[in-house]
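Remarks on the overall topology
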Amino acid sequence: MSKTSQTLIAFVAGCATGAVVGLLYAPEKGAVTRDRLTYRLSKYRDQLRDLLENVLNSDSLPESLAKVEGQRVVNDAREKAEKLLEDVDRLMAQIKQQGS
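Let me sum up the structure you'll find in this document. The structure displayed is predicted, hence computed values, not measured ones.

1. Observations concerning the overall build of the chain
The helix and strand inventory of the chain stands at three helices and zero strands. In the chain, the succession of α and β elements from N to C terminus is α-α-α. Looking at the chain residue by residue over its 100 residues, the buried ones come to 24%. Long-range pairs, those at least 24 residues apart, make up 73% of the contacts in the chain with a sequence separation of at least 6.

2. Comments concerning the environment of Leu-84
Along the chain, the position of Leu-84 falls in helix H3 (residues 65-99). Each C-alpha atom of the pair Leu-84 and Ala-16 lies 9.3 Å from the other, and the pair is 68 residues apart in sequence. If sequence neighbours within four positions are ignored, Leu-84 has contacts with Ile-9, Val-12, Ala-13 and Leu-48.

3. Remarks on the nonpolar core
Most often, soluble globular proteins keep nonpolar side chains buried together rather than apart. Formed by Ile-9, Leu-48, Leu-52, Ala-77, Ala-81, Leu-84 and Leu-85, the largest nonpolar core amounts to seven residues. Elements that contribute at least two residues to this core include exactly helix H2 (30-56) and H3. Residue contributions to this core peak at four residues, all from H3. Listed in part, the six residues of the second largest apolar core include Val-20, Leu-37, Met-92 and Ile-95.

4. Considerations on the side chain of Thr-38
Looking at where Thr-38 falls in the secondary structure, it is placed in helix H2. Not counting residues within four places of it along the chain, the set of residues in contact with Thr-38 comprises Met-92, Ile-95 and Lys-96.

5. Describing the pattern of salt bridges
It is possible for side chains bearing opposite charge to pair when their charged atoms get close. Scanning the model with the defined rule gives four salt bridges in all. Between Asp-89 and Arg-45 there is a salt bridge, with the nearest N and O atoms lying 3.0 Å from each other. Remark: Arg-45 occurs in helix H2 and Asp-89 occurs in helix H3; sequence separation between them is 44 residues. By relative accessible area, Asp-89 is classed as partly exposed at 30%. With a closest N to O distance of 2.5 Å, Arg-90 and Asp-87 form a salt bridge. Placement of the pair is Arg-90 and Asp-87 together in helix H3, with a separation of three residues, close to one helical turn. Salt bridges linked by common partners bring Lys-83, Asp-87 and Arg-90 together as one network.

6. Digging into the side chain of Ser-42
With respect to the helices and strands, Ser-42 occurs in helix H2. Within the structure, Ser-42 has its side chain in polar contact with the backbone oxygen of Tyr-39 (distance 2.7 Å).

The rules behind the values
- Within every chain, residues take consecutive numbers counted from 1 along the sequence as written.
- Owing to the predicted nature of the model, reporting of local features is limited to residues with pLDDT of at least 70; listing and counting of side-chain atom pairs is limited to 80 or more, with chain, interface and lining totals taken over all residues.
- Water and hydrogen atoms play no part in the side-chain values, which are based on all heavy atoms of the structure.
- Labels follow the DSSP assignment, with helices taken as runs of H or I lasting at least four residues and strands as runs of E lasting at least two, numbered in each case from the N terminus.
- Summary of the burial criterion: residues with accessible area below 20% of their type's maximum are buried, those above 50% are exposed, and those between are partly exposed, where the area comes from a 1.4 Å probe applied to protein chains only.
- Contacts are assigned to residue pairs that have any heavy atoms within 4.5 Å of one another.
- We call a set of buried Ala, Val, Leu, Ile, Met, Phe, Trp, Tyr and Cys residues a nonpolar core when their side-chain atoms join them within 4.5 Å.
- Salt bridge, as applied in this entry: a Lys or Arg side-chain nitrogen positioned within 4 Å of an Asp or Glu carboxyl oxygen.
- Any pair of nitrogen or oxygen atoms within 3.5 Å is treated as a polar contact; in protein, a donor-acceptor pairing is required on top of that, and neighbouring residues in sequence qualify only through side-chain atoms on both sides.

Pasting the structure below:
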């Protein structure tokens, strides 16, 4: 996987983790914090999905070894992005369950 892809995935994961940790330690009531966390996680999920679609629909690589390598990087990034999406969905479900 290229350094750029790794950096991008690490950045998105760091943003999501930072938001979750920051909100969990916020001095708000639990319901307000859960609502805010759910909202932000859904925004991050949407941004991650958009990013994934942009990467998958990119046809800017020339026909060559670079294209094959690029496709491998895209596939790796897609798998990691899908895992992040699953993690976000699981966190949102836990938050909603605690709020019930």
